[in-house]
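Residues per chain are reported as follows:
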Amino acid sequence: MALLRSLLFAIAGVNTVLATSCPFGHTSGDDVHNDRRAVPQNSNDFLDQYTINSTDKFLTSDVGGPIEDQDSLTAGERGPTLLEDFIFRQKITHFDHERVPERAVHARGAGAHGVFESYGDWSNITAASFLGAPGKKTPMFVRFSTVAGSRGSADTARDVHGFALRFYTDEGNFDMVGNNIPVFFIQDAILFPDLIHAVKPSPDSEIPQAATAHDSAWDFFSQQPSTLHTLFWAMAGQGIVRSYRHMDGFGVHTFRFVTNDGKSKLVKFSWKTLQGKAGLVWEEAQALAGKNADYHREDLFESIEKGYYPQWEFGVQIMNEEDQFKFGFDLLDPTKIVPEELVPITKLGKITLNQNPRNYFAETEQVMFQPAHIVRGIDFSDDPLLQGRVFSYLDTQLNRHGGPNFEQLPINMPRVPIHNNNRDGQAQMFVHANKAAYSPNTLNGGSPKQANQQTGRGFFTAPQRSVSGNLVRSVASTLKSDYWSQPRLFFNSLLPAEKQFLINAIRFETSKLKSATVKKNALAQLNKISNEVATQVAKALGVAAPAPDPKFYHNNKTKGVSTFSNELLSLKGLKIGYLSTAGTASTATSIKSSLAKEGVQLVVVAEHLADGVDMTYSAADATSFDGVIVAANIDSTFSGAPSNASSLYPLARPLQILQESYRYGKPVGFLGEKIRDANIPFGPGVYVSSSSGSRKTEEDGKKGYKFLRRAATNSTMGGSANGTAQ
Ligand code: HDD
C-alpha cells in the first residue's frame with residue numbers, strides 16, 4: 001500500500017420550497033408569504049412543482065388531450081399530409097422553436113444546485129440577511145462556463161472561466177457573476193463589444209473556435225494593455241483548469257457591504273476551492289478537446305452523482321471607505337488585485353454543490369444572472385465596468401427570452417413572493433388581483449407598500465456614497481494607468497514550471513499570428529512586464545530578443561495565485577487507470593476498495609470486457625485518468641496481446657496510455673519492474689513496487705508540482721525550462 005499512498009499523494013499535487021399549490025412555495029396568505037423561514041433549503045426542491053414525470057402516462061397534446069404522434073394524417077395511403085393535422089403541426093412547430101439565442105459570451109457551460117451556509121452572524125458588516133446567522137442556509141444555483149466558445153465548443157479550450165453564483169436569499173435573489181480569475185481585461189464596460197469582437201472567431205471564416213490564438217485577439221491585447229493582467233492569468237493554469245471543482249472564483253469588482261444603520265465598507269468577493277486548485281497541461285487540454293469535449297461538465301455531474309459534493313469557502317477582503325487610495329492603485333480598477341498580504345480574506349461561509357440539474361435547458365440554459373440582482377446589505381461601487389454590467393445583463397436576458405417575464409421562469413424565480421406593479425408582457429405567468437397597479441394609490445390601501453432602509457427591510461443605497469465632478473468621457477487617471485506591474489507580480493509569484501507553461505502558452509498563441517505588426521506590438525507589451533518572457537517568445541517567433549524595458553520591473557510576489565504550488569485538499573472524484581489483462585483483472589480488487597475509501601476510482605483496463613474489467617484498451621485513453629498503475633501481470637513488452645487476449649487488443653496500446661499519462665504530468669506507478677520496458681525514466685512522479693521493495697525519488701511526497709516541472713522540461717511539451725527548445 002505504500003506505493004499507492006505515494007501515488008495518491010502524487011496525484012494530489014499534480015494536475016492535476018417545497019411543492020405546494022403556490023408557485024412561490026407558500027401555502028396561503030400574506031403572513032406565510034412574509035415568513036422568511038419559508039425559503040426552501042435546496043433550490044432543486046423548489047423545482048419539484050414544475051417537474052413533469054411522464055412514466056406510465058399517455059401522451060397528450062400541448063393542451064392535454066391524449067393523442068398518438070408516430071404517423072402524420074395523410075390523404076390516402078400514399079397521399080400528402082393534411083393541413084388539418086394539428087398533431088403534426090404542433091409537434092413540428094414546437095421543435096422548430098426549441099432553441100433560444102445562445103449567450104453572446106459564456107455560451108458553453110454547466111450548472112448545479114447547492115446551498116450556502118453562513119459561518120456566522122455578519123450583521124456587524126452587512127445587513128445581508130443570508131449572512132445574518134451562524135449556520136443559516138440559503139439555496140443556490142451555480143453556473144460554470146468558458147467565455148469565447150459557442151455552446152458546442154470543447155470544455156478544455158484555454159480561456160477565462162465564468163463562475164456565476166445565485167443565492168436565492170430570503171430577501172430576494174443575489175447574483176455574484178464572477179470568473180475564476182480575479183481581474184478583467186478592460187476598465188470600462190463601453191469596451192466590452194470591442195474586446196469580444198476581437199477574441200471571437202474571424203467574421204469571415206468563423207475560425208478559430210474558442211481560442212485567442214489569432215491576430216485580432218492579440219491586436220486588441222497589444223493595443224489595450226489593460227488586458228495584459230487577465231491575459232497572464234489565462235495563459236497560466238487558470239486558463240486550462242483540471243475541472244470546475246478545482247478552481248477559485250472571484251467577484252472581480254469592488255462592492256460595498258452596508259449595515260442596517262448605513263455604515264459601509266468596500267469589499268472584494270472571492271470563493272476558494274476546498275478541493276484544491278489544479279490545472280491541465282496544454283498538450284492534454286488539446287487532446288481532450290477532441291477526445292472528450294465534455295470533460296468538465298462530466299466531472300462536475302459525475303462528482304455530484306457520486307456524492308462528492310464540491311465546496312468553496314466564500315469570503316471578502318474588507319477595506320475602509322477612506323482607504324480607497326492607499327494601495328497605490330484605484331480600488332475602482334477591475335484590472336487590479338488587492339494582494340492578500342495587504343488585506344486578508346475574511347471567510348464568511350461555505351458553498352456546497354449537491355444536486356445536478358434535472359433538465360439542462362430548463363435550468364442551466366435558462367438561468368439568467370445579473371450583477372443587478374442585489375440585496376439589502378450589499379451595494380455597488382462606481383467601477384465603470386460594473387456600472388455597465390448592471391445595464392447589459394438585463395438587456396441580454398430580454399433578448400434571450402424575448403420579453404420581460406424571464407424572472408418568472410422556475411430557475412430564475414426568487415423563493416420569496418413578488419409584489420409590484422410590473423404587469424403583462426409576453427408569457428405573463430401570474431394572475432395579478434390588485435386592480436390599482438400604481439403607486440401611490442388609495443384603492444388598494446397603498447399596497448404594495450414602499451420598502452426602504454427604515455421600513456420593510458428594503459434595499460437601500462449606501463448613505464455615504466457620493467459623487468461630484470464635471471461630466472467627462474475621457475479620463476487619464478494615473479492610478480489606473482499602470483498595466484504592467486501587476487502582471488509582473490503574478491508572473492513572479494508562479495513556480496518555475498508554471499512560468500514556463502505561461503511562456504509556452506504565449507509562444508503557442510503568438511506563433512499562430514500572421515501579422516508582423518501584431519507580433520511586434522505584442523512583444524513590446526510583454527517586454528514591459530518581463531524581459532524573460534519577451535525573450536523566450538521572441539525566440540519562438542524567430543525575431544531578435546528585445547532589450548529590457550525596465551520601468552515596471554520589480555521582484556515582489558504575492559500568495560494565492562499559483563495553481564500548482566499546493567497539494568490537493570481532496571482526492572475525491574479522481575480516477576486511476578489500472579493497466580491490466582482480462583484474465584487477471586481480479587487482482588485489482590483490494591487496490592480498488594482501498595482507493596474507493598479515498599473517493600478515488602480505480603478503473604481496470606484490459607483487452608476486452610470481463611469480470612472485474614471496467615474499460616477496454618480501445619476505449620481508454622491517458623486523458624481518462626489522473627494517474628496510472630501498471631499491473632504486475634501485464635504483457636512484458638507492452639507491445640502485443642498476451643497469449644489469451646482477443647484480437648481486439650490493440651498493438652502497444654497500454655504503452656501509449658502509459659507514456660501519454662507520463663507526458664501529461666500524471667504520476668505513474670509500476671507493480672512490477674515493467675518500467676524497464678516502458679522507456680520512462682525513473683524520477684519524480686514515477687513509482688516502482690516490486691519484489692525488491694518499493695522505490696520513489698527523494699523529490700516525491702506530497703508536492704506533486706515537481707512532476708509538472710518534469711512535464712515542462714520534457715521537449716515534447718514545446719519548450720524547456722531554460723527556454724532553449726521550442
Ligand atoms: Fe459578463 C455573461 C462574468 C464583464 C456582458 N459574464 C457572463 C457570465 C459570466 C460573466 C460568468 C455567464 C453567466 C451565466 O453563466 O449565465 N462578465 C463577467 C465578469 C466580468 C464581465 C466577471 C468582469 C468583471 N460582461 C462583462 C461586461 C459586459 C458583460 C463588461 C458588458 C458590458 N456577460 C455579459 C452579457 C452576458 C455575460 C453579454 C452573456 C450572457 C449573459 O450575460 O447572461 O450580458
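Residues numbered from 1 in each chain as written. Predicted model: local features only at pLDDT ≥ 70, side-chain atom pairs only at ≥ 80, totals over all residues. Heavy atoms only, no water.

The protein carries the name Catalase in an unreviewed UniProt entry, which gives Tothia fuscella as its organism. Recorded under Catalytic activity (unreviewed entry), the UniProt text for the protein is reproduced unchanged: "2 H2O2 = O2 + 2 H2O". The record held by UniProt for the protein lists under Cofactor (unreviewed entry) the comment "heme". (UniProt positions renumbered as here; feature names shortened; annotations may be inferred.)

Caption draft 1: Representation of the UniProt feature "domain: Catalase core" (unreviewed entry) in the protein in the model. Here the UniProt-annotated "domain: Catalase core" (unreviewed entry) positions come out as residues 60–447. Counted over residues 60–447, helix gives 21% and strand 19%. Its end C-alpha atoms are 41 Å apart. (Helix = DSSP H or I, 4+ residues; strand = E, 2+ residues; numbered from the N terminus.)

Caption draft 2: The arrangement of helix α13 (residues 496–511) in detail. End to end, α13 covers 22 Å across 16 residues, agreeing with the expected 22 Å (1.5 Å per residue, within 8%). Within α13, 12 of the 16 residues are buried, which leaves the element mostly enclosed by the surrounding structure. Those residues of α13 lying buried are A497, E498, Q500, F501, L502, I503, N504, A505, I506, R507, E509 and T510. (Expected span 1.5 Å × (residues − 1). Buried < 20%, exposed > 50% of the residue type's maximum accessible area, 1.4 Å probe, protein only.)

Caption draft 3: Local environment of the UniProt feature "binding site: heme" (unreviewed entry) in the protein. Feature annotation in UniProt assigns "binding site: heme" (unreviewed entry) to the following positions: Y393. Looking at the secondary structure, you find Y393 in helix α11 (residues 384–401). The partly exposed category is assigned to Y393, whose relative accessible area is 22%. Setting aside anything within four residues of it in sequence, one finds Y393 in contact with V177, F369, Q370 and P371. (Contact = heavy atoms within 4.5 Å.)

Caption draft 4: The arrangement of the nonpolar core in detail. Judged by nonpolar contacts, the single largest core of 50 residues is most densely connected at L195, W218, F232, F490, L502, I506 and V533. Residue assignment for this core shows that the elements contributing at least two residues are α5 (192–199), α6 (215–223), α7 (228–235), α12 (485–492), α13, α14 (516–529) and α15 (531–541). A per-element tally of this core places α7 first, with 6 residues. Leaving out residues up to four positions away in the same chain, I506 has contacts with W218, F232, M235, S511, L526, V533 and V537. Among the nonpolar cores identified, the runner-up in size contains 37 residues, and A110, A112, F130 and V267 belong to it. (Core = buried A, V, L, I, M, F, W, Y, C linked by side-chain atoms within 4.5 Å.)

Caption draft 5: Looking closely at the site of the ligand. Of all residues adjacent to the ligand, which total 21 residues, the nearest are R103, R143, R389, Y393 and Q397. Here an oxygen atom of the ligand sits 2.7 Å away from a polar atom, N or O, in the side chain of R103. The separation between an oxygen atom of the ligand and a polar side-chain atom of Q397 is 2.9 Å. If you list the elements that add at least two residues to the shell around the ligand, you get β3 (161–169), β4 (172–179) and α11. Looking at which element gives the most residues to the shell around the ligand, the answer is α11, with 6 residues. Of the residues in the shell around the ligand, the class split is 10 nonpolar, 8 polar and 3 charged. (Near = heavy atom within 4 Å. Polar contact = N/O pair within 3.5 Å; in protein donor to acceptor, adjacent residues only side chain to side chain. Nonpolar A, V, L, I, M, F, W, Y, C, P; charged D, E, K, R; others polar.)

Caption draft 6: Seen up close, the pairing of β4. Burial analysis of β4 places 8 of its 8 residues in the buried class, which makes it a mostly covered element. Relative to β4, β3 is paired through 8 bridges, and the arrangement is antiparallel. Looking at the pairing, R166 lines up with D175 of β4. Adjacent in sequence and paired antiparallel, β3 and β4 are bridged by 2 residues. (Pairing = 2+ DSSP bridges.)

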